[in-house]
Amino acid sequence: MKIYLKKKSQNETNQIIFTLKTEKSFKVLSNAFEKEAKNLSKFPGFSSDFKKTLNISNPDGSSLITAGLGTKEELNTEKLREAFALAIGKAKSLKLSKIFISLEGLEKYFDEERLTEALVFAAFAMNSKLTKFKTSKNKTSAIEVCFTTSGTPSKKLKVGLESGTAQGKALLLCREWGDTPGNFMTPTLFAKSVQSEAKKRPGLECQVWNKARITKEKMGGLLGVSKGSDEEPRFIVLKYMGGSEKKKPLCLVGKGLTFDAGGISLKPASGMDEMRYDMCGGAAVAASMMAIADAKLKTNVIALIPSSENLMNGSANKPGDILTFRNKKTAEVLNTDAEGRLILADALSYASELKPAAIFDAATLTGAMVVALGNVHTGFYTRDDKLATQIQSVEQDAGERLWRMPLTDYHVSDIKGRFADLANMGSSRGAGSAQAAGFLEQFVDSRIPWAHFDIAGTAWNTGNRQSYCPTKGASGVLVRSFFELAKLF
Ligand SMILES: [Zn+2]
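Residues numbered from 1 in each chain as written. Predicted model: local features only at pLDDT ≥ 70, side-chain atom pairs only at ≥ 80, totals over all residues.

Let's talk about the overall build of the protein
Then, in step 1: Scanning the protein for helices and strands turns up 15 helices and 19 strands.
Then, in step 2: For 489 residues, the compact-globule estimate of 2.2 N^0.38 gives 23 Å, and the protein sits close to it at 24 Å.
Then, in step 3: Overall, the protein is about 75 × 50 × 45 Å in size when its C-alpha atoms are taken along their principal axes.
Then, in step 4: By residue count, 53% of the 489 residues in the protein fall in the buried class.
Then, in step 5: Looking at the protein alone, contacts between residues at least 24 apart form 77% of all its contacts between residues at least 6 apart. (Helix = DSSP H or I, 4+ residues; strand = E, 2+ residues; numbered from the N terminus. Rg over C-alpha atoms; globule rule 2.2 N^0.38 Å. Buried ≥ 20, exposed ≤ 12 C-beta atoms within 10 Å, placed from the backbone. Contact = placed C-beta atoms within 7 Å.)

Digging into the nonpolar core
Then, in step 1: Membership of the largest hydrophobic core comes to 149 residues, with the highest contact counts inside it found for Ala122, Ala284, Ala287 and Met289.
Then, in step 2: It is helix α8 (residues 280–294) that contributes the most residues to this core, 11 residues altogether.
Then, in step 3: When residues of this core are assigned to domains, at least three fall in each of domain 1 (3–154) and domain 2 (164–486).
Then, in step 4: Once residues lying within four places of it in the same chain are set aside, the contact partners of alanine 284 are Cys174, Gly254, Ala362, Val477, Leu478, Val479 and Phe482. (Core = buried A, V, L, I, M, F, W, Y, C linked by C-beta atoms within 7 Å. Domains from an automatic or database assignment.)

Some remarks on the domain arrangement of the protein
Then, in step 1: The domain boundaries assigned to the protein delineate domain 1 (3–154) and domain 2 (164–486).
Then, in step 2: Distance between the C-alpha centres of domain 1 and domain 2: 35 Å.
Then, in step 3: Taken together, the 22 residues of domain 1 in the interface contact 16 residues of domain 2.
Then, in step 4: Residue assignment for the side of domain 1 that touches domain 2 shows that the elements contributing at least two residues are α2 (77–93) and α3 (112–125).
Then, in step 5: Top element by residues in the side of domain 1 that touches domain 2 is α3. It accounts for 10 residues.
Then, in step 6: Of the residues assigned to the side of domain 1 that touches domain 2, the class counts are 12 nonpolar, 4 polar and 6 charged. (Nonpolar A, V, L, I, M, F, W, Y, C, P; charged D, E, K, R; others polar.)

Side note on the packing of helix α4 (residues 155–179) against α8
Then, in step 1: At a closest axis distance of 8 Å, the pairing of α4 and α8 adopts a crossing angle of 155 degrees. In terms of axis orientation, α4 runs roughly antiparallel to α8. Like other packed secondary-structure pairs, α4 and α8 cross with a definite hand, here right-handed. Taking contact as the criterion, the partners of Ala166, Gln167, Lys169, Ala170, Leu171, Leu173, Cys174, Trp177 and Gly178 in α4 are, on α8, Cys280, Ala283, Ala284, Ala287, Ser288, Met290, Ala291 and Asp294.
Then, in step 2: Its residues assigned to classes, the contact of α4 with α8 shows 12 nonpolar, 3 polar and 2 charged. (Axes fitted to C-alpha atoms, helices over the stretch in contact; angles between N-to-C directions. Parallel < 35°, antiparallel > 145°, perpendicular 65-115°, else oblique. Left-handed = near helix turned anticlockwise from the far one by under 90°.)

Topic: the sheet that holds strand β18 (residues 422–423)
Then, in step 1: As summarised here, the arrangement of the 3 strands in space is β13-β14-β18, forming an open sheet in which the pairing is mixed. Each edge of the sheet is formed by a strand with only one pairing partner; in this case those strands are β13 (322–324) and β18.
Then, in step 2: Bridge analysis of strand β14 (residues 330–332) against β18 gives 2 bridges, and the strand direction is parallel. Across the sheet, glutamate 332 pairs through a bridge with alanine 423, a residue of β18. (Pairing = 2+ DSSP bridges.)

Below is the structure:
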């Protein structure tokens, strides 16, 4: 995909312009189009309301696409992403091969770096689709996106373009990993793909542990879950040291369950193909690392991704089986479909041993999370108020909606085991997502700030909410938040 920034020249046909709703009428944000602006309201269907777009055909056959942003009071970069994505979608449906966007005037409303970052990200986000399994060749080529300025583009605009590109590329990777079906995305294939992406990026190290190594590392949860499948588990370690050597790293942990049938506690058949998305936490973590390396952030980050399938061959976990984890704690597997916490337990134990500055984990963990928050907000759990404030502080720039959920001793007491230390299902009704967080907490060193993100509702099929996400398919959620959070460590 070609996206660039340059000084304005002549003959730039096919334009996208942004409009703002004012009390009496509307305002065009691109200075270069002030003259044309007067006439816009004559076109039937024109509106400056948020998410309203209109294509106006010029006499020469070129297009002027308007993108409504709504009122100034409610304007933010997330609205810009959404409005721009819809305009790009319109340009694509018109089969335009190239589109220009004049940035003059927009800098009055947005920080320049955040402006190009958001626009570039949205352009990338509109270009994801898993097409390699289709045999028909009528592929639509990617649209060329050109941002123009009146003078030489500023440093801030360029930095935003690079940062948006790094995150946009990572987003596409994250979505492709998520959308790829289970037979092409086993733990081995996922690890191979992550490794080959890491190789392209200087400064990013990748190690993949096989079953023998995982056994040696005493990761009984990951091994236990993988027993039900013919596919071996993998444990992926990514390391990026872009900050000072003395600085403690941030640790990201992601659930990489490449297909979850539920095991012996089998899931219902309807929609089960969507369980390919059970590795979206791992994909988000791995993709964030690619973005962090591409943007050369001055920070240290280590990512850990336990990866397994959850199936049901003759060796599979049976309800009631007891597993022993890396930190020697034991748990009864009361429901084999609550496997995410079992593989994360070992990864969180290992993460704690690395003594990082903080640990964030991401997982499509519980259906209870979907019931609680739907597919707009990602729920997060932490007992550390300072960490919660940091997480909430990146919401504005990353634009991903994050909602703090309660984690208390009540939830922990719910996951006490009868014959083992813990049980992987809560003993009381409700708050299943908080009980899962309570389970995970048992594997984190209490001196290390830790937050758990449950993305079961937000990892796929969010297009009904966000115009730059597919209606059916991986969203790539948390790539932007983890990118922003990494800057704080
Ligand atoms: Zn499951």
